[in-house]
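If you want the building blocks of each chain, they are given just below.
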Amino acid sequence: MSDDDKRRAAEAALREVQDGMLVGLGTGSTVAFLISALGERVSEGLRIEAVATSVASARAAAAVGIAVRDFAEVARVDLTIDGADEVDARLYAIKGAGGAMLREKVVAAASTRMVVIADGSKRVEGIGAAKLPVEVLPFARAFVTARLEALGAGVEQREGVTDNGNVILDARFGAIPEPVRLAAAIDAVPGALGHGLFLGEVDAAYVASGGTVERIERDEG
Ligand code: 5RP
């Protein structure tokens, strides 16, 4: 894991930001580099507005002079740039180590284009080794834990609550041979409000390793 590579990935993705865009800001340490570089471009005259996927990112963006709109008033975003915990060649990703995956998924779904930025430690052959966070209505905690265990996960509750006031269950599957099936199974559990499997949302990934940035674009065919 390298901060230089996180910065490089962020700066490469930043080139996609154009005047007039409404930009979705993800959450995490890689996105922190993006927010800081975007703030510099704004101070140089770039005219954009942003929505943020977490209170932390909204604060960080405002602190560097980026105009942040309330996403509750927004239905469409031009371009969202976000981090990931794992991403593979199919652009399947696991997100949510930072706990913001529910808002991140909503903002990604509202976005015309969504790109992931990551250092090379996040690039995997197949997703599934990372813990899969699931945001859960506190009322449904024990019930959703049991359902995730029945799906084969070891489950741990994370300390604290999300920006939405819910709890996070970290589900460890070890490997996820059928991500689409697993996502559908978790989506079907009442009280599970969102999870970190991003299977169709990511249009491209900028992954930096040893100073070189690779862009993986979703195969349009
Ligand atoms: C937060 C996320 C983050 O984007 C993801 O955890 C990557 O974070 P970092 O850039 O700090 O490694 O999904 O919910």
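Residues numbered from 1 in each chain as written. Predicted model: local features only at pLDDT ≥ 70, side-chain atom pairs only at ≥ 80, totals over all residues. Heavy atoms only, no water.

*Asks:* How would you explain the packing of aromatic side chains if you had to name every residue and give the values?
*Replies:* With the rule as written, the count across this model stands at zero aromatic pairs. Over the ring of phenylalanine 198 we find lysine 95; its NZ or CZ atom is 5.6 Å from the centre of that ring. Sitting over the ring of phenylalanine 198, lysine 105 keeps its end group 4.9 Å from the ring centre. (Phe/Tyr/Trp six-rings, centres within 6.5 Å; stacked < 30°, edge-to-face > 60°. Lys NZ or Arg CZ within 6 Å of the ring centre and 35° of its normal.)

*Asks:* Can you break down the nonpolar core residue by residue, with the values?
*Replies:* Residues Val17, Leu25, Leu38, Ile48, Ile66, Ile81 and Ile117 are the most contacted members of the largest nonpolar core, which totals 28 residues. Among the elements that take part in this core, helix 2 (residues 29-43) stands out by supplying seven residues, more than any other. For isoleucine 81, the contacting residues outside a window of four places in its chain are Ala13, Val17, Gly24, Leu25, Gly26, Val31, Leu34, Val115 and Ile117. In this structure, Val124, Ala171, Ile186 and Leu197 belong to the second largest nonpolar core, which totals 24 residues. (Core = buried A, V, L, I, M, F, W, Y, C linked by side-chain atoms within 4.5 Å. Buried < 20%, exposed > 50% of the residue type's maximum accessible area, 1.4 Å probe, protein only. Helix = DSSP H or I, 4+ residues; strand = E, 2+ residues; numbered from the N terminus. Contact = heavy atoms within 4.5 Å.)

*Asks:* Which residues make up the domain arrangement of the protein chain, and what values go with them?
*Replies:* The accessible area lost on association of the parts is a frequent measure of interface size. Looking at the protein chain, the domain boundaries give domain 1 (3-123 + 199-211) and domain 2 (132-193). Contacts between domain 1 and domain 2 engage 14 residues on the former and 14 residues on the latter. Together domain 1 and domain 2 conceal approximately 1,000 Å² of surface at their shared face, both sides included; 63% is due to carbon and sulfur atoms. Here domain 1 is connected to domain 2 by zero salt bridges. Counting residues per element, the side of domain 1 that touches domain 2 draws most heavily on helix 4 (residues 101-109), at three residues. Of the residues that constitute the side of domain 1 that touches domain 2, the class distribution is seven nonpolar, four polar and three charged. (Domains from an automatic or database assignment. Buried area = accessible area lost by both parts, 1.4 Å probe. Salt bridge = Lys/Arg side-chain N within 4 Å of Asp/Glu carboxyl O. Nonpolar A, V, L, I, M, F, W, Y, C, P; charged D, E, K, R; others polar.)

*Asks:* Help me get a handle on the side chain of threonine 53, residues and values and all.
*Replies:* Residue position: threonine 53 is located in the loop between strand 2 (49-52) and helix 3 (55-63). Here glycine 26 takes part through its backbone oxygen, which lies 3.3 Å from a polar atom of the side chain of threonine 53. Polar side-chain contacts of threonine 53 include one of 2.8 Å to the side chain of threonine 27. If near-sequence neighbours (up to four positions away) are discounted, threonine 53 is found in contact with Leu25, Gly26, Thr27, Ala100, Arg103, Glu104 and Val107. (Polar contact = N/O pair within 3.5 Å; in protein donor to acceptor, adjacent residues only side chain to side chain.)

*Asks:* Which residues make up the site of the ligand, and what values go with them?
*Replies:* Lining the immediate environment of the ligand, one finds 17 residues, of which Thr27, Ser29, Thr30, Asp85 and Lys122 sit closest. Within the contact set of the ligand, an oxygen atom lies 2.8 Å away from a backbone nitrogen or oxygen of glycine 96. One of the backbone N or O atoms of alanine 97 is found 3.4 Å from an oxygen atom in the ligand. Protein chains shield 91% of the accessible area of the ligand, which is 370 Å² for the free molecule. (Near = heavy atom within 4 Å. Areas by Shrake-Rupley, 256 points an atom, 1.4 Å probe, with all protein chains shown as cover.)

*Asks:* With reference to specific residues and values, describe helix 6 (residues 179-187).
*Replies:* Burial in helix 6 covers these residues: Pro179, Leu182, Ala183 and Ile186. Taken end-on, helix 6 shows its buried residues confined to a sector of 100 degrees, consistent with a single buried face. Seen from the open side of helix 6, the exposed residues pointing more than 90 degrees away from its buried face are Val180 and Arg181. Packing partners of the buried residues in helix 6 comprise strand 8 (132-136), helix 5 (141-150), strand 11 (192-195) and strand 12 (197-198). (Arc of directions from axis to C-beta.)

*Asks:* Give me the lowdown on the pairing of strand 8, citing residues and values where you can.
*Replies:* In terms of residue burial, strand 8 counts as a mostly covered element, since five of its five residues are buried. Side chains Leu132, Val134 and Val136 of strand 8 all project onto a buried face; the interleaved residues Pro133 and Glu135 project onto the opposite face, where all are buried too. Relative to strand 10 (residues 167-172), strand 8 runs antiparallel, the two being bridged by five bridges. Considered in strand 10, the bridge of glutamate 135 is made with isoleucine 168. The pairing of strand 8 with strand 11 spans three bridges and is classified as antiparallel. Paired with valine 134 across the bridge in strand 11 is histidine 195. (Pairing = 2+ DSSP bridges.)

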